[in-house]
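An overview of the molecular structure
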Amino acid sequence: MFSSTLEFKNTFLKRLEMQCGKSFSESSSRDHYQTLGSMIREFVSNDWIATNERYLASEGKQVYYLSIEYLLGKLLRQNLINLGVEHTVQVGLQDLGIDLDELEELEADAGLGNGGLGRLAACFLDSLASLNLPGHGHGIRYKHGLFEQKIVDGYQVELPEQWLRSGNVWEIRKADRAVKIPFWGKVEAKMENDRLVFHHQNAETVTAVPHDMPVIGFKSKNVNTLRLWNAEPSPFPIHKDILKYKRETESISEFLYPDDTHDEGKILRLKQQYFLVSASIQSIVRTYRKQHTSLEQFHKHICIHINDTHPVLAIPELMRVLIDEEGYDWDKAWHITKHTISYTNHTTLSEALEKWPIHIFRPLLPRIYMIVEEINERFCQELWEQAPGDWQRIGELAIIADHYVKMAHLAIVGSFSVNGVAKLHTEILKKREMKPFYQLFPEKFNNKTNGIAYRRWLLKANPPLSALITDSIGPSWTYSAEELSQLLKYQNDSSFLEQLLKIKNENKQRLADIILDKTGVVVNTGAIFDVQVKRLHAYKRQLLNVLHIMHLYNRMKEDSNFSTAPRVFIFGAKASPGYYYAKKIIKLINTVAEKINNDPIVGDKMKVIFLENYRVSLAEKIFPASDISEQISTASKEASGTGNMKFMINGALTVGTLDGANIEIRELVGDENIFTFGLTADEVLHYYQHGGYQSREYYHHDYRIKQAVDQLVNGFFPGVQNEFEPIFDSLVEENDQYFVLKDFAAYTDIQGKIGETFMNKNKWQKMSLTNIAHAGYFSSDRTIKEYADEIWGINPL
Ligand SMILES: *Cc1c(COP(=O)(O)O)cnc(C)c1O
């Protein structure tokens, strides 16, 4: 069907008529999109079925990846690329007068995630399929993904996201595979045949209906599955108020929680978590049961990976199935469970560590709570036997303490592997945050530095650069990212470096057009495109960037001879709707932008741009056009970061703190090919422990800081009154928890160095090339191979 342009066109036209009931001349672009999408889905269906049959027949181990978020973005073009038919389709459509780019614009981003964690899950699915590994995703089919952001008068406004408005061509609803999830009710214990058995009575059940999406590997015959669960009312509810029941049921898969760094503690969130976990475990066990007569060897064939603690109830849920449904005793069930589950920790921020109050947990999930209680009691018993009387240690490590269930503790105790997401992060887990657990279970802890689906972030996002690379070193880099290191031989090839510059400038022009279209501001493509795009959070320190911009502006105003490389500062960031402080920073960025962009003295030398609604499809246009990648979190706070890797592989240079994977970027490219600055993680953690930082001293003694910080509150920005007082207070009155003022001088110095380096085009392009050449390490193929070999024990099929 896709083997020649002619064949493609014929099939497409026939299909269009059948599916839309219109002639070609009457059809719309959306009809074209729908037709093409369903053609691709059908095209892969043979391979998809065959893959599932292979998995069923195989004795090999399989992994299920459980994640409350998947930030997939658009799928059409990536699927065409992976199937190796992008060119055929593009030319065929062109012959019919259809522009593939335009069809791609019609596809909604699948934005079922907040940021890094959800995007990592999406990158992992791509690598699992591309490496022919037996690995499937399970998640929730949120009706509304992450909210759409509009900027109105400088403020963030949130609108409900509607990705399903025109349907989802990639999914197949499988009503016959639905499962039931019980909530509320009570547990009855009875003796049956000399055995204590538990029955969950009077539960309110919700039906979980799977919607399967094919995960198409890069030029592989392997098609894995992403199974997204939809919550629906059960046919015969016991509920008296049917409408209320329907509403409450459907609300479980209605909205994604729009926060990634804060534990909300809301009952609906716990419902979502158990809904995902119970549906997934029931479906995994049911599939397993087609092949095996018992679950005795379950852990030898199945690995269940939990992405952060959100799916940690997989542990008690698997225990429930093994004990209540399969009839195993506790010890046997615990052995199987503990050897099935592996866990990734994503953060050490204390406000993000999930804990559930017992008064919410117990009534909602009575049987699950009983099991967690039993796990806790047995664990505390063990601790007691190791160190009788050490109540403090037991209190610190217990899973249930102070009326809360601590989800990270449950994850560590009930799994065989605990991994961090970058070297520094894993060290902090072992040496500080989870030290007592590391001492107890040293063999469980390991590091898996994050990676990215570089075929999306380079091959798809940056066609001109990809073409240059393929022309130079051949196409094997699209299978093995390490091949990018061959580019190092062009380090001193000035014509190559010039081509690199030319491509960067084309990409900058393309972004400049988007900026003009979205904001009405004309930007100078000869300027440094200095970019910070990521969720808005105090620890990510967008504020440090803004204060430096204000300082540069102040210098330009004061000294007409002041000269520095021209800059376009670009921001993209969503703030959690309830995160007051983050929203203030968004307003500040827009206020600063308004002032600077309209000051004729500044002109072409500086512009500040806030691009609204940052998401995967916008990100794909930004990274290829970036010169500078801002990765300036307070050291120790950013577990890894993956945005840093997407910038790097597109040739942007990093200005960053020694945090997360920035450290590993520096190790790869060398100190001379990255701009690092600021406090180290050890220094930050030392201040937290022992005090000794006084932000006021920096405010009073550094004139540059005082000037910019005072401008937040002294009427410098007309018409905003006391809008920015909370920011002023956080820096001066509340002792600047994130060390913005402490790192200001070092950041300003390194920005000066960046300006100088940019003037030397040849040097800059050489640094850029070095970064691209070393970025292969950050392919999620490498990360997934490490998970497969060192945690899951799965092999390519
Ligand atoms: C990669 C990515 C992120 C994560 O960015 P960080 O800089 O690592 O926080 C967030 N959102 C989107 C849309 C992304 O593509």
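Note that the coordinates shown come from a computational prediction; the quantities given were computed from them, not determined experimentally.

1. Some details on the overall build of the protein
Of regular secondary structure, the protein possesses 32 helices and 25 strands. When its C-alpha atoms are laid out on the principal axes, the protein stretches across 90 × 75 × 55 Å. Across the 797 residues in the protein, those meeting the buried criterion constitute 61%. Across the protein, contacts joining residues at least 24 apart in sequence account for 77% of those joining residues at least 6 apart. On the protein, roughly 30,800 Å² of surface is accessible, and the fraction owed to carbon and sulfur atoms is 50%. The averaged location of the 102 negative side-chain charges in the protein is 2 Å from the averaged location of its 90 positive side-chain charges.

2. Looking at the site of the ligand
Neighbouring the ligand are 13 residues, the closest being Lys 534, Lys 540, Thr 642, Gly 643 and Lys 646. Within the complex, the protein chains bury 96% of what would otherwise be the 390 Å² of accessible surface of the ligand. Residue composition of the shell around the ligand, by class: four nonpolar, five polar and four charged.

3. Focus: the side chain of Lys 448
Along the chain, the position of Lys 448 falls in the loop between β19 (445-447) and α18 (454-460). You can call Lys 448 buried: its relative accessible area is 1%. Side-chain polar atoms of Lys 448 contact the side chain of Asn 446, separated by 2.9 Å. A polar atom in the side chain of Lys 448 sits 2.8 Å from the side chain of Glu 790.

4. Considering the packing of helix α21 (residues 542-558) against helix α30 (residues 740-759)
Put simply, α21 and α30 touch, their axes get as near as 10 Å, and they point 60 degrees apart. The orientation of α21 with respect to α30, classified from their angle, is oblique. Considering how the two elements wind past one another, α21 and α30 form a crossing that is right-handed. Together, Leu 543, Leu 544, Asn 545, Leu 547, His 548 and His 551 of α21 and Val 740, Leu 741, Asp 743, Phe 744, Tyr 747, Thr 748 and Gln 751 of α30 make up the contact between the two elements.

5. Brief notes about unusual backbone geometry
Even without glycine at this site, Asn 193 takes up a positive phi of about 45 degrees. Position of Asn 193 relative to the elements: it lies in the loop between β9 (186-192) and β10 (195-201). Even without being a glycine, Arg 541 presents a positive backbone phi close to 60 degrees. Summarising the element assignment, Arg 541 is placed in the loop between β20 (528-533) and α21.

6. Notes on the sheet that holds β20
Read across the open sheet, the six strands follow the order β22-β21-β20-β23-β24-β25; overall the sheet is parallel. Whereas interior strands pair on both sides, the edge strands pair on one side only; in this sheet they are β22 (606-610) and β25 (675-676). Looking at chain direction, β20 and strand β23 (residues 628-631) are connected through two bridges and run parallel. Opposite Asp 530, over in β23, you have Ile 628 as the bridge partner. Along the sheet face, helix α20 (residues 494-519) touches β20, β21 (567-572) and β22 and points at about 70 degrees away from the line of β22.

7. Some remarks on a nonpolar patch on the surface
There is a patch of nonpolar side chains on the surface, built from Val 152, Val 157 and Leu 159 and spanning about 200 Å² of accessible area. Note that Val 152 resides in strand β5 (residues 148-152). A relative accessible area of 46% places Val 152 in the partly exposed class.

8. So, the packing of aromatic side chains
One pair of aromatic rings is described through two measures. These are the centre distance and the angle between the planes. Following the criterion strictly, the structure yields 31 aromatic pairs and no others. Taking 5.5 Å as the distance between ring centres and 80 degrees as the angle between the ring planes, the aromatic pair formed by Trp 457 and Phe 623 counts as edge-to-face. Here Phe 623 lies in the loop between α23 (616-622) and β23 and Trp 457 lies in helix α18, a separation of 166 residues in the sequence. Of the two residues, Trp 457 and Phe 623, both sit in the buried class. Taking 5.0 Å as the distance between ring centres and 90 degrees as the angle between the ring planes, the aromatic pair formed by Phe 758 and Trp 764 counts as edge-to-face. For the pair shown, Phe 758 and Trp 764 are each scored as buried. The ring of Tyr 155 has Lys 587 lying over it, and the distance from NZ or CZ to the ring centre is 4.3 Å. Above the plane of the ring of Phe 716 lies Lys 595, whose end atom (NZ or CZ) is 4.1 Å from the centre.

9. With respect to the sheet that holds strand β17 (residues 404-406)
One open sheet accounts for three strands, arranged β15-β17-β16; its pairing is antiparallel. Each edge of the open sheet carries a strand with a single partner, namely β15 (355-357) and β16 (400-401).

10. What to know about the pattern of salt bridges
Applying the stated criterion across every chain yields a total of 45 salt bridges. Notably, a salt bridge pairs Asp 47 with Lys 221, separated by 3.6 Å at the nearest N-O pair. You can see Asp 47 sitting in helix α2 (residues 29-57) and its partner Lys 221 sitting in the loop between β11 (204-216) and β12 (223-233), a full 174 residues away along the chain. One salt bridge connects Arg 456 with Glu 620, and the closest N-O pair in it is separated by 2.7 Å. Of the two residues, Arg 456 is situated in helix α18 and Glu 620 in helix α23; the sequence distance between them amounts to 164 residues. With relative accessibility at 8%, the residue Glu 620 sits in the buried group. Residues participating in the shared-partner salt-bridge network are Arg 77, Glu 86, Asp 101, Glu 104, Arg 456, Lys 460 and Glu 620.

11. Digging into the UniProt feature "modified residue: N6-(pyridoxal phosphate)lysine" (unreviewed entry) in the protein
Under the UniProt annotation, the feature "modified residue: N6-(pyridoxal phosphate)lysine" (unreviewed entry) is placed at Lys 646. Structurally, Lys 646 is set in helix α24 (residues 643-649). Under the relative-accessibility criterion, Lys 646 is labelled buried at 7%. Beyond its immediate sequence surroundings of up to four residues, Lys 646 is in contact with Arg 119, Ile 452, Trp 457 and Phe 623.

Basis of the calculations
- Residues numbered from 1 in each chain as written.
- Predicted model: local features only at pLDDT ≥ 70, side-chain atom pairs only at ≥ 80, totals over all residues.
- Heavy atoms only, no water.
- Helix = DSSP H or I, 4+ residues; strand = E, 2+ residues; numbered from the N terminus.
- Buried < 20%, exposed > 50% of the residue type's maximum accessible area, 1.4 Å probe, protein only.
- Contact = heavy atoms within 4.5 Å.
- Areas by Shrake-Rupley, 256 points an atom, 1.4 Å probe, with all protein chains shown as cover.
- Lys, Arg positive; Asp, Glu negative; His and termini not counted.
- Charge placed at Lys NZ, Arg CZ, Asp CG, Glu CD.
- Near = heavy atom within 4 Å.
- Nonpolar A, V, L, I, M, F, W, Y, C, P; charged D, E, K, R; others polar.
- Polar contact = N/O pair within 3.5 Å; in protein donor to acceptor, adjacent residues only side chain to side chain.
- Axes fitted to C-alpha atoms, helices over the stretch in contact; angles between N-to-C directions.
- Parallel < 35°, antiparallel > 145°, perpendicular 65-115°, else oblique.
- Left-handed = near helix turned anticlockwise from the far one by under 90°.
- Pairing = 2+ DSSP bridges.
- Patch = residues over 30% accessible without salt bridge, like charges linked within 9 Å, V, L, I, M, F, W, Y side chains within 5 Å.
- Salt bridge = Lys/Arg side-chain N within 4 Å of Asp/Glu carboxyl O.
- Phe/Tyr/Trp six-rings, centres within 6.5 Å; stacked < 30°, edge-to-face > 60°.
- Lys NZ or Arg CZ within 6 Å of the ring centre and 35° of its normal.
- UniProt positions renumbered as here; feature names shortened; annotations may be inferred.

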